[in-house]
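Structural description and commentary
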Amino acid sequence: MKRLLLLLSVITAMLLFFSAAAWFSFPWYAQFLADRLLEGTPYRVTISGIGIPGISSIRFRTINAVFTAPPDPCTGKMTTYSLLFENGTIEWKPEFLFQKNNQGPEAEVPAGTEAYHISIHAGSLKVLTDPDRNTFTDLDPLIKLKILFSGGKTNLPSIRPISAEYTISGASLLHRSFLLTGIGYKISLEEKNNWHQKADTLTVSKIFNNDKPLPSENFRAIFSPERDPLKPCMIRLDECKTDLFRIKADAGRIDYHMKKNQTSFILNLPEIPLNILSGSMKTSTKKMSAAGSVHAVIPVDFRDSTVIIRNGSVSADKDANLVFYSKEGKNRVSFRIGKEKGPSEFLGHINTTVSLRNRDNQHQEFAIREFSASLLEGALTTLPFSFDPAGESFPLTLTLNNVKALDRISFSGDFKGVLKGNISGTVPLVIGKNGFRILNARLHSDGGGAVTVKAPVQSKTQTNRYLSSIETRESKYLFDGPDLLISRSTGGSLSVTFSLKKLSRKTSGGELPLYNPSGRISAWHKPGNPDVVLLSDFKAGLFDGTVSVEHIDYDIAKKRGETTLNLAGIPLQTLLDLQGTKKIYATGTIKGNVPVRLNDNIFEISKGGLNAENPGQIIYSSTEEERKAANEGLRTTYEVLSNFLYADLTSSLDMDPDGNSVITIQLKGKNPQFQGGRLVELNLKVEQNLLHLFRSLSISSNIEQSISEKALLIRQNKKTDSKTKR
């Protein structure tokens, strides 16, 4: 700093002296006089375009000053500085005139000297350093100097600087591929203070890497270039603040050790509003919102282009949460980040190592060699990855281990539930300026949960004698052992391929279990209609058989959807047990398709059909007392069905929205012990309300009554056949 000040004083005094000595001829030999004046010094000055001086000023086109500083005791480097002033003027005023114009007190000037106030005003100032290759540029700079000037009869004049002032505003600094703009700092030096620079506010508006803005801007710190004699290699910044990703951050005090090229500080982000997470949603429909805030404390150790973080933490406020909405703006699902009792640690024990490296000769990027942290009582790690902060996007893969997140999920509206268990797996992400993408994240849990769905209240016209006895309008879905494959687009569409160990539907009347269900759920995949959820490729074990759904678009808001249930391998005996029968035993399995239409959670079935996959046996059990008490026709039926081997079984099913259904069953077969095993055909028609089956899984059946009626029909047909033969 002292050498730079002396150089500026020499330049201005030299020009003043020679302009006064040679008024009109000065422009032609100014360079010669400059060389003569600086002979034997480490300074070199090149002058061009000197204009004919005025009474108290001169003009110049360029002034280029070069000097080499001695080796720095901390770095051992010898730095060469090159200063270039372009298109400027130098003005001077004697002390008495300056004080008169500024209405200040006259300063004491030693005898035999004169005091001058000099200002250098240029179109631009450029300072280059070598070998560090730094380029400092300031437009329209104004440098103010005060010097004591004493002339000699035989020697060149003596120049003694007293003070200097230079207010930097809007300057820039280029270091390799990094550019700092909007630099502000006030340099104020005085001889009486031993040329010590007072601490002042240093500001930097923006930082660029290869012309692309970095996430840190509006940096402010209190800085003084003066060094502590006890720590001569330490540069200190106080009250450091910046906007990091547009979030207010501060670092308190930063100490930079020049010799070790190392610094340590604690980065504090006191408030990170979570609503920035939903800021990238550019659609007109509200899909997600975030409330509350988190705050982070990150200890940083910087060593030679490597950032090391040890034991950082991120804590969340109690009201911090994410909310997902329906098309009507209703809260559907929320995720609680903070704890209900107060601020709590969300991420802890953050440890990472980040290095700045050259990807090629033009670009630089950050390489994350390691990352680990605790997350919701579990662990979070990443594979090594790299990113360009100014780039469009970068990939990374998160690994979760026993993260306790399920109990923080809650449902609203017609849904409510409790989830428990830990989550483990990997989440490949691509993070960009417009949001993030998930590429086949694989997650699984050792837990599960229960989700309760509230059914709509029906009007009296819809309520019938089969439903009037049902006490509850809620269905509970229980699941465990989820295994998920998740993908998400930048626009927000979500696809989840899932498998579970078990999924069951439970009501006050009973439970319907599905084993090892699997399928794919797609949400927010239709622009403008986030309420439509797609279920596809669904398959599950049901009653030792399977049930599957190829495709269904279900509108959560309208509670509307349409699909076909595909059944296979369903034991006939299980269906009979559901019907409440107690005297029928059957073997064999059935398959078929059941078209289902849901409207406001009301089922409607049209032209459903079930068929036997293989021949089987039906046995209608009757006691000896029943056979003795029965008439001839009923005894015949008992005899036919005592060992009925059916070769063909077909059925059809229709159900209207009120639950009234018609089931037709056609059986073809024989009993080897009945009439020589002749072919027997049974046609049954059952009319009842099946909503009770869907809600309570148990209905009062009239199948046995239908069998008795068919027995009378068989007896009548037998008599008709006998008369025909006669």
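What you see is a predicted model; the values in this text were computed from it and never measured.

**Observations concerning the pattern of salt bridges**
For the structure shown, the criterion picks out 12 salt bridges. Of the charged contacts in the structure, one is a salt bridge between Lys206 and Glu217, with a shortest N-O distance of 2.8 Å. Of this pair, Lys206 sits in strand 9 (residues 200-209) while Glu217 is found in strand 10 (residues 212-223), placing the two residues 11 residues apart along the sequence. A residue is classified by how much of its surface remains accessible, and Lys206, at 36% relative accessible area, is partly exposed. Ionic pairing is found between Lys248 and Asp243, a salt bridge with its closest N-O pair at 3.2 Å. In this structure Lys248 comes out as exposed when scored by relative accessible area, which is 58%. Classification of Asp243 by relative accessible area gives buried; the value is 11%. What you see here is one network of salt bridges that share partners, running through Glu562, Arg597 and Glu604.

**Description of the sheet that holds strand 18 (residues 331-336)**
Here 4 strands make up an open sheet; going across it, the order is 14-17-18-24 and the pairing antiparallel. Edge positions in the sheet fall to strand 14 (288-291) and strand 24 (409-411), since each of these pairs with one other strand and no more. Taken pair by pair, the neighbouring strands of this sheet meet at an average axis angle of 20 degrees, ignoring direction. Sheet topology note: the strand 14/strand 17 (residues 321-325) ladder contains 4 bridges and is antiparallel. Its bridge partner lying in strand 17, Met288 is registered against Phe324.

**Quick notes on the confidence of the model for the protein**
The predicted model of the protein has a mean per-residue pLDDT of 78, with 77% of residues at 70 or higher. Scored below 50 in pLDDT, residues 280-285 shows 7 contacts in the model against residues more than four places distant or in partner chains. Every residue in residues 722-726 is under pLDDT 50, and counting partners more than four places away or in other chains gives 0 contacts.

**Overview of unusual backbone geometry**
Across the junction of Asp130 and Pro131, the peptide omega takes the value 20 degrees, indicating a cis bond. Positionally, Pro131 belongs in the loop between strand 4 (114-130) and strand 5 (134-139). Look at Asp140: it is not a glycine, yet its phi comes out positive at around 55 degrees. As for its position among the elements, Asp140 is in the loop between strand 5 and strand 6 (142-150). Residues other than glycine seldom take positive phi values, yet Trp195 does so here, at roughly 60 degrees. Relative to the assigned elements, Trp195 resides in the loop between strand 8 (178-190) and strand 9. Of the residues examined, Trp195 reaches a relative accessible area of 13% and is grouped as buried.

**What about the environment of Gly435?**
Tracing the backbone shows Gly435 in strand 27 (residues 435-445). In sequence terms Gly435 and Ser393 are 42 residues apart; their C-alpha atoms lie 9.2 Å from each other.

**Describing the state of the cysteines**
Here the structure, examined in full by the defined rule, presents 1 disulfide. Disulfide pairing places Cys74 opposite Cys233 at an S-S distance of 2.0 Å. Disulfide Cys74-Cys233: torsion about the S-S bond near -95 degrees, hence left-handed. Separated by 159 residues along the polypeptide, Cys74 in the loop between strand 2 (57-68) and strand 3 (80-94) and Cys233 in the loop between strand 10 and strand 11 (234-244) bring together distant segments of the chain. Its relative accessible area of 13% is what places Cys233 among the buried residues.

**Comments concerning the pairing of strand 18**
Sheet topology note: the strand 17/strand 18 ladder contains 5 bridges and is antiparallel. Within strand 18, the position partnered with Asn321 by the bridge is Arg336. Alignment of strand 18 against strand 24, held across 3 bridges, turns out to be antiparallel. Across the sheet, Phe335 pairs through a bridge with Ile409, a residue of strand 24.

**Things to note about the packing of aromatic side chains**
We describe a pair of aromatic rings using the distance from one ring centre to the other and the angle between the two ring planes. In this structure the tally under the stated criterion is 4 aromatic pairs. A centroid spacing of 5.3 Å and a plane angle of 20 degrees characterise the contact between Phe67 and Tyr81, whose relative ring orientation is stacked. Here the residue Phe67 occupies a position in strand 2, and Tyr81 occupies one in strand 3, the gap between them amounting to 14 residues. Measuring from centroid to centroid gives 6.1 Å for Phe385 and Phe394, while their planes differ by 5 degrees, and the two rings are stacked. An identical accessibility class is assigned to Phe385 and Phe394; each is buried.

**Regarding the environment of Gly421**
Here Gly421 is to be found in the loop between strand 25 (415-420) and strand 26 (423-432). A C-alpha to C-alpha distance of 5.9 Å links Gly421 and Asp446, two positions 25 residues apart in sequence. Other than its neighbours up to four places away in sequence, Gly421 contacts Val403, Lys404, Ala405, Leu406, Ser445, Asp446 and Gly447.

**A closer look at the side chain of His257**
Relative to the elements of secondary structure, His257 occurs in strand 12 (residues 247-257). Polar contacts involving the side chain of His257 include one to the main-chain amide nitrogen of Lys260, which spans 3.1 Å.

**With respect to a positive patch on the surface**
Taken together, Lys339, Lys341, Lys404 and Lys420 make up a surface patch of like positive charges. By secondary structure assignment, the location of Lys404 is in the loop between strand 23 (393-403) and strand 24.

**Considerations on the side chain of Ser344**
Mapped onto the secondary structure, Ser344 falls in strand 19 (residues 344-358). Look past the residues within four positions of Ser344 in its chain and what remains in contact with it is Val314, Ser315, Ala316, Gly338 and Lys339.

What counts, and where the lines are drawn
- Residues numbered from 1 in each chain as written.
- Predicted model: local features only at pLDDT ≥ 70, side-chain atom pairs only at ≥ 80, totals over all residues.
- Heavy atoms only, no water.
- Salt bridge = Lys/Arg side-chain N within 4 Å of Asp/Glu carboxyl O.
- Helix = DSSP H or I, 4+ residues; strand = E, 2+ residues; numbered from the N terminus.
- Buried < 20%, exposed > 50% of the residue type's maximum accessible area, 1.4 Å probe, protein only.
- Pairing = 2+ DSSP bridges.
- Axes fitted to C-alpha atoms, helices over the stretch in contact; angles between N-to-C directions.
- pLDDT = per-residue confidence, 0-100.
- Contact = heavy atoms within 4.5 Å.
- Disulfide = S-S within 2.5 Å.
- Phe/Tyr/Trp six-rings, centres within 6.5 Å; stacked < 30°, edge-to-face > 60°.
- Polar contact = N/O pair within 3.5 Å; in protein donor to acceptor, adjacent residues only side chain to side chain.
- Patch = residues over 30% accessible without salt bridge, like charges linked within 9 Å, V, L, I, M, F, W, Y side chains within 5 Å.
- Areas by Shrake-Rupley, 256 points an atom, 1.4 Å probe, with all protein chains shown as cover.
- Lys, Arg positive; Asp, Glu negative; His and termini not counted.
- Charge placed at Lys NZ, Arg CZ, Asp CG, Glu CD.

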